[in-house]
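Descriptive structure summary
As a plain string of letters, each chain reads:
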Amino acid sequence: MSLAERFISPRIDKEMSGRDGPPGQRAALLKLAAEIKDVVNLNSGDPDLTAAPVAVEAAVEAFRGGKTHYSHGGVPSLRAAIAQKHGRENGFTVDPDTQVIITNGSAEAATIVFQTILEPGDEVLTTDPYYGGHVNNIVAARGRPVFVPTRGDDLWEPDPAEVEKRITPRTRAFIFANPGNPTAAVYRKETLQAFLDIAHRHNILMLPDELFERYVYDGRTHVSMASLPGSEERVVTIHGFSKSYCMTGWRLGWVAAPKWLAPALHKMKYALTMTSSTPNQWGAVAALSDAAKPYYDEVYRTYGERRAFWYDAWTKMGLPQKPAPAAFVGMIDIRRTGRPAYEVSEAILKEARGFIWPGTFFGSLGEGYLRVGLIKPMDVLQDLGRRIGPVVGKMLGAARTA
Ligand SMILES: Cc1ncc(COP(=O)(O)O)c(C=O)c1O
């Protein structure tokens, strides 16, 4: 028996993300991409845009001013700013002193929730297609992910009946990204209300991950599940600064938790990483301030422009799109090519130098789609669109003659 076999839990290789898609496909595409010069990679969740200058200044100021000590429980001004934000923008109230837990990214927010609520073998519902980090976090806490199907034709919104059908005595929670990654889904109020009713009926928790909150378009609005009546004890909001505030590398997120759960989460946060970066938290206070608003309004406009261009470009290539309402990430419908998503992704990489994951790397229901991150400036997206056009044209031609 090798050291790895003796010591490394099998769940690291077998159950964590990286297993996504048929075996070997991810490694094959990565190898191919490494061999091609000037590849445009639209896979990552880390865009070109950076934090509001006032946030950067506030963090630098905190470093200079010696605000560099532990911040047990989180910097009080940040907890207050988050509580105010939830009241002002999301329509729900939390006590900043007890119910807001500052974390290292929303990734750690999910970590502390699962490490707190799960016993080995407990089940957590999530969507297919899914966000890999959610699955990893469930597995890390020795839980078992159970997948609820979603479909592009429904704009990737789960049917509450499909959620309810999958509940067993081991189910503890349903985690979902709203707005969605990878799908850009935005759940309607009535759907969220139906999920909440399920939570009450079956004594489980709802864990909305609202990291992409700001990027909602097409006249739709984001509804925070915690704003619904009856949500106070059942909804644990997972949030963060990475996407809506362009602060990926700052590693800051939070949980807005029910009163009965928050003390346990504080305890788990302390056990895992004690506190989050104090100067960065001061930067985050500024990111939530009115002074940062014009900057983030411009970021919103930028993603809207990229989104509109991108889906339109694919439609003009002969692949009609029915995009889900959010931006930043999203799914490209390639079903008309008649080819598996992996093949389309591979052809685009080889022939157009565009690196875009097949939807199947996010669950089997991603078949027929590519998953894109709108993480590059318009001119790069436009160039790439021009290169992809002939590749798609060739596939559609072949599909017609077949
Ligand atoms: C839906 C979703 N949740 C959570 C995360 C984790 O992000 P972070 O820890 O940077 O907040 C990501 C990152 O891509 C994500 O897409």
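Throughout, residues of each chain are indexed from 1 in the direction in which the sequence is written. Local features in a predicted model are, by the rule used here, given only for residues with pLDDT of at least 70; side-chain atom pairs are given and counted only at 80 or more, and totals for whole chains, interfaces and linings are based on all residues. Neither water nor hydrogens contribute to the side-chain values; these are computed over all heavy atoms in the structure.

Looking at the packing of helix 12 (residues 293-316) against helix 14 (residues 378-401)
To get an axis, a line is fitted to the C-alpha atoms, and for a helix only the part in contact is used. The angle between two axes follows their N-to-C directions and goes from 0 to 180 degrees. Working definition: helices are DSSP H or I runs of at least four residues, strands are E runs of at least two. Numbering for both runs from the N terminus. Closest axis-to-axis distance for the helix 12/helix 14 pair is 10 Å, and the angle between their directions is 10°. The pairing of helix 12 with helix 14 is recorded here as roughly parallel in orientation. Only Met378, Leu381, Gln382, Leu384, Ile388 and Val392 of helix 14 make contact with helix 12, whose side of the interface consists of Glu305, Arg306, Phe309, Trp310 and Trp314. Residue classes follow a fixed rule: Ala, Val, Leu, Ile, Met, Phe, Trp, Tyr, Cys and Pro count as nonpolar, while Asp, Glu, Lys and Arg count as charged, and any other residue, Gly among them, counts as polar. Tallied by class, residues from the contact of helix 12 with helix 14 come to eight nonpolar, one polar and two charged. Any angle between 65 and 115 degrees counts as roughly perpendicular, while under 35 counts as roughly parallel, over 145 as roughly antiparallel, and the rest as oblique. By definition, residues are in contact when any of their heavy atoms lie within 4.5 Å.

What about the domain arrangement of the protein?
Considered domain by domain, the protein is made up of domain 1 (3-49 + 294-393) and domain 2 (53-291). On a C-alpha basis, the centroid separation for the pair domain 1 and domain 2 is 24 Å. If you look at the interface, domain 1 gives 38 residues, while domain 2 gives 42 residues. A simple way to read buried area is as the amount of 1.4 Å-probe accessible surface that goes missing from two parts once joined, with both sides added. Taking both partners together, domain 1 and domain 2 bury about 3500 Å²; carbon and sulfur atoms supply 58% of that area. In terms of surface lost to domain 2, no three residues of domain 1 exceed Tyr296, Pro325 and Leu365, which account for 21% of the buried area on that side. By salt bridge we mean one thing: a side-chain nitrogen of Lys or Arg within 4 Å of a carboxyl oxygen of Asp or Glu. Between the two partners, domain 1 and domain 2, sit three salt bridges. Polar contacts, as counted here, are pairs of nitrogen or oxygen atoms within 3.5 Å of one another; within protein the pair requires one atom able to donate a hydrogen and one able to accept it, and residues that are adjacent in sequence qualify only if both atoms are side-chain atoms. Across the contact surface, domain 1 and domain 2 share 19 residue pairs in polar contact (both at pLDDT 80 or more). No other element matches the nine residues that helix 12 contributes to the side of domain 1 that touches domain 2. Looking at side-chain class alone, the side of domain 1 that touches domain 2 contains 21 nonpolar, seven polar and ten charged residues. Bear in mind that the domain bounds are from an automatic or database domain assignment.

Comments concerning the site of the ligand
Near the ligand you find 13 residues, and of these Ser106, Asn181, Asp209, Ser242 and Arg251 are the closest. A distance of 2.5 Å separates a nitrogen atom of the ligand from a polar side-chain atom of Asp209. Per-residue accessibility takes into account occlusion by the displayed protein chains alone, with areas from the Shrake-Rupley method and a 1.4 Å probe. A total of 400 Å² of accessible area belongs to the ligand in isolation, and the protein chains cover 91% of it. The element that contributes the greatest number of residues to the shell around the ligand is helix 6 (residues 105-117), accounting for three residues. Within the shell around the ligand, the residues separate by chemical class into five nonpolar, five polar and three charged. Whether a residue is near a molecule or strand is decided by its heavy atoms; if any one of them lies within 4 Å of it, the residue is near.

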